[in-house]
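Observations on the model geometry
Read off the chains here:
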Amino acid sequence: MKTKILVIEDNEQNMYLMKFILEQNGYEVIQAWNGEEGLDWARNAAPALILLDIQIPVMDGYEVAEKLKGNPETSSIPVVAVTSYAMVGDRERVMAAGCSGYLEKPIDPDTFVSDVEMHLPVQSSDLGGSE
Ligand code: MN
């Protein structure tokens, strides 16, 4: 089974790039285009990790992170914020909302997967073959 990663992102180009890179590296990508859709997929698809854009419609990424962390069904899924905000205090705000990491946009295709994998829990199935 492929490891599932939920990407919550409203920008088509960013979504396309993240999905492309992750799929090239053997991950299954679930796409959500707004916060509410993201929460639904987080509960229903049991992803191994969530990549969360902060500027998204319906509810922003901070609120999504807080709801994910406040629900026992999803609280153990690592959440990595992906945002173009590069302001002082932003990382603190993201971490306070319960995210385990922070990636800045534009993402760097050369380091993206290793940055994501730093936050991915090690699974016993990773030690076997690819399927
Ligand atoms: Mn956005």
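Before reading on, note that the structure itself is shown above.
**Regarding the overall build of the chain**
Each helix and strand in the chain was counted, giving 5 helices and 5 strands. Taken from the N to the C terminus, the helices and strands of the chain come in the order β-α-β-α-β-α-β-α-β-α. Since a compact globule built from 131 residues should have a radius of gyration of about 14 Å, the 14 Å found for the chain is in line with a globular shape. Dimensions of the chain along its principal axes, counting C-alpha atoms only, are 40 × 35 × 25 Å. Scored against the burial criterion, the 131 residues of the chain give a buried share of 44%. Of all intrachain contacts in the chain linking residues separated by at least 6 positions in sequence, the fraction that spans at least 24 positions is 58%. Here the chain has roughly 7100 Å² of accessible surface; of this, 49% comes from carbon and sulfur atoms. Averaging the coordinates of the 9 positive side-chain charges in the chain and doing the same for the 22 negative ones gives two points 4 Å apart.

**Details of the coordination of the manganese ion**
Taken together, Asp10 (OD), Asp53 (OD) and Gln55 (O) make up the protein donors of the manganese ion, found 2.0 to 2.2 Å from the metal. Written as a sequence motif, the donor arrangement for the manganese ion is D-x42-D-x1-Q. By relative accessible area, aspartate 53 is classed as buried at 3%. On the basis of relative accessibility, which here comes to 40%, the residue glutamine 55 falls in the partly exposed class.

**Some details on the packing of aromatic side chains**
The final tally for this structure, using the stated rule, is 1 aromatic pair. Here the aromatic rings of tyrosine 16 and phenylalanine 20 are separated by 6.2 Å at their centres, their planes lie at 15 degrees, and the arrangement is stacked. With a gap of 4 residues between them, tyrosine 16 and phenylalanine 20 both fall in helix α1 (residues 12–24), about one helical turn apart. It is arginine 93 that lies over the ring of tyrosine 62; its NZ or CZ is 3.7 Å from the centre.

**Notes on the pattern of salt bridges**
As enumerated under the stated definition, the model contains 5 salt bridges in all. When the shortest N-O distance is used, the salt bridge between lysine 19 and glutamate 23 registers 2.8 Å. Here glutamate 23 and lysine 19 lie together in helix α1, a separation of 4 residues that amounts to about one turn. Look at the salt bridges and you will find they share partners, linking Glu9, Asp53 and Lys105 into a network.

About the thresholds
Residues numbered from 1 in each chain as written. Predicted model: local features only at pLDDT ≥ 70, side-chain atom pairs only at ≥ 80, totals over all residues. Heavy atoms only, no water. Helix = DSSP H or I, 4+ residues; strand = E, 2+ residues; numbered from the N terminus. Rg over C-alpha atoms; globule rule 2.2 N^0.38 Å. Buried < 20%, exposed > 50% of the residue type's maximum accessible area, 1.4 Å probe, protein only. Contact = heavy atoms within 4.5 Å. Areas by Shrake-Rupley, 256 points an atom, 1.4 Å probe, with all protein chains shown as cover. Lys, Arg positive; Asp, Glu negative; His and termini not counted. Charge placed at Lys NZ, Arg CZ, Asp CG, Glu CD. Donors = N, O, S within 2.8 Å, 3.2 Å for Na, K, Ca; no water. Phe/Tyr/Trp six-rings, centres within 6.5 Å; stacked < 30°, edge-to-face > 60°. Lys NZ or Arg CZ within 6 Å of the ring centre and 35° of its normal. Salt bridge = Lys/Arg side-chain N within 4 Å of Asp/Glu carboxyl O.

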